[in-house]
Amino acid sequence: MDNTERVAAGSAATLPAAAEQATDAAISEVEEQFTRLFNQVGTAMRDRAERIHPDLQPGGYKLLTTIVRSGPTHAGALASMLYTDKSVVSRQLRLLEDMGFVERRTDPTDRRASFIAATPEAIEKVNEVRAADQATLYRGLRQWGEEDVRRLAELLGRLNEVTR
């Protein structure tokens, strides 16, 4: 029994059998495309990290881009944003500090705490990588036309609601 059959067997019959099978086959195709997309994203993350620094790992890249995007923030807030454990963030922050990409700044409202901030060098490098990748995305999606791009955005929004 494949995954499509398992899902179909476990769900209540709400559609006629043929329609349900066709829908399940279409969902299986979507799942396959997501698998391919996630594999490409993983490869792209490794490439982006390497373009920032040869020793930067994808997890460190994700953390660094979050800091650049959000501005100075607490380590606990970063862990929440990335849905990860504080100890993982702490280890990655030490590596980013050693590479000169982040610095700690004392929180003026709580001198025991510190903000994590990206250095100017990190901001510049992340923005360069982001601009190059954004240009590639825009170049590709412009070929689709506005209607298709808006439809993609709408469908992704609906998907985000379903997967909450």
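Structure: see above.
To start, this report covers the structure provided alongside it.

1. Considering the side chain of Gln92
Then, number 1: With respect to the helices and strands, the residue Gln92 is situated in helix H5 (residues 86-98).
Then, number 2: A polar side-chain atom of Gln92 sits 3.2 Å from the main-chain amide nitrogen of Gly60.
Then, number 3: Leaving out residues up to four positions away in the same chain, Gln92 has contacts with Gly59, Gly60 and Leu63.

2. Regarding the packing of helix H3 (residues 58-70) against helix H6 (residues 120-142)
Then, number 1: The N-to-C vectors of H3 and H6 enclose an angle of 105 degrees; their axes lie 10 Å apart at closest approach. Comparing their axes, H6 and H3 come out roughly perpendicular. Taking contact as the criterion, the partners of Tyr61, Leu64, Thr65, Val68 and Arg69 in H3 are, on H6, Ala122, Ile123, Val126, Asn127, Val129 and Arg130.
Then, number 2: The class makeup of the residues in the contact of H3 with H6 is seven nonpolar, two polar and two charged.

3. As for H5
Then, number 1: An ideal rise of 1.5 Å per residue puts 18 Å on 13 residues; H5 measures up with 18 Å between its terminal C-alpha atoms.
Then, number 2: Every buried residue of H5 is accounted for by Val89, Gln92, Leu93 and Leu96. All buried residues of H5 project into a common sector of 105 degrees when viewed along the axis, lining one side.
Then, number 3: Elements that come into contact with the buried residues of H5 comprise H3, helix H4 (75-81), strand S1 (102-107) and strand S2 (110-118).

4. Structural notes on the pairing of S2
Then, number 1: When S1 meets S2, the two strands line up antiparallel, connected through six bridges. Looking at S2, one finds that Val102 is bridged to Ala118.
Then, number 2: Following S1, the chain reverses through two residues before pairing antiparallel with S2.

5. What to know about the packing of helix H2 (residues 17-52) against H6
Then, number 1: Running from N to C, H2 and H6 cross one another at 140 degrees; their axes reach a closest spacing of 9 Å. Here H2 is positioned oblique relative to H6, judged by the angle of their axes. In this structure, H2 crosses over H6, and the sense of that crossing is right-handed. Within the contact between the two elements, H2 uses Arg48, Arg51 and Ile52 and H6 uses Lys125, Val126, Val129, Ala132 and Asp133.

Definitions and cut-offs
Along each chain, residues carry numbers from 1 onward, in the same order as the chain's sequence is written. Confidence filtering applies because this is a predicted model: local features only for residues at pLDDT of at least 70, side-chain atom pairs given and counted only at 80 or more, and all residues used for totals across whole chains, interfaces and linings. Working from all heavy atoms in the structure, the side-chain values ignore hydrogens and water. Here a helix means four or more residues in a row that DSSP labels H or I, a strand means two or more in a row labelled E, and each is numbered from the N terminus. Definition of a polar contact: a pair of N or O atoms within 3.5 Å, with one able to donate and the other able to accept a hydrogen when the atoms are protein atoms, and with sequence-neighbouring residues admitted only if both atoms are side-chain atoms. Residue contacts are defined here by distance: any two heavy atoms, one from each residue, within 4.5 Å place the two residues in contact. Only the stretch in contact is used when fitting a helix axis, every axis being a line fitted to C-alpha atoms; angles between N-to-C directions are given from 0 to 180 degrees. For classification purposes, angles smaller than 35 degrees are called roughly parallel, those larger than 145 roughly antiparallel, those between 65 and 115 roughly perpendicular, and all remaining angles oblique. Under the scheme applied, nonpolar residues are Ala, Val, Leu, Ile, Met, Phe, Trp, Tyr, Cys and Pro; charged residues are Asp, Glu, Lys and Arg; polar residues are all the others, including Gly. An expected span of 1.5 Å times one less than the residue number is assigned to each helix. We call a residue buried when its accessible area falls under 20% of the maximum for its residue type, exposed when it is over 50%, and partly exposed in between, using a 1.4 Å probe and counting protein chains only. The directions from the helix axis to the C-beta atoms are what the arc is built from. Strands pair, by our definition, only if DSSP identifies at least two bridges between them. Here a crossing is called left-handed whenever its near helix is offset anticlockwise from the far helix by less than a right angle, and right-handed whenever the offset is clockwise.

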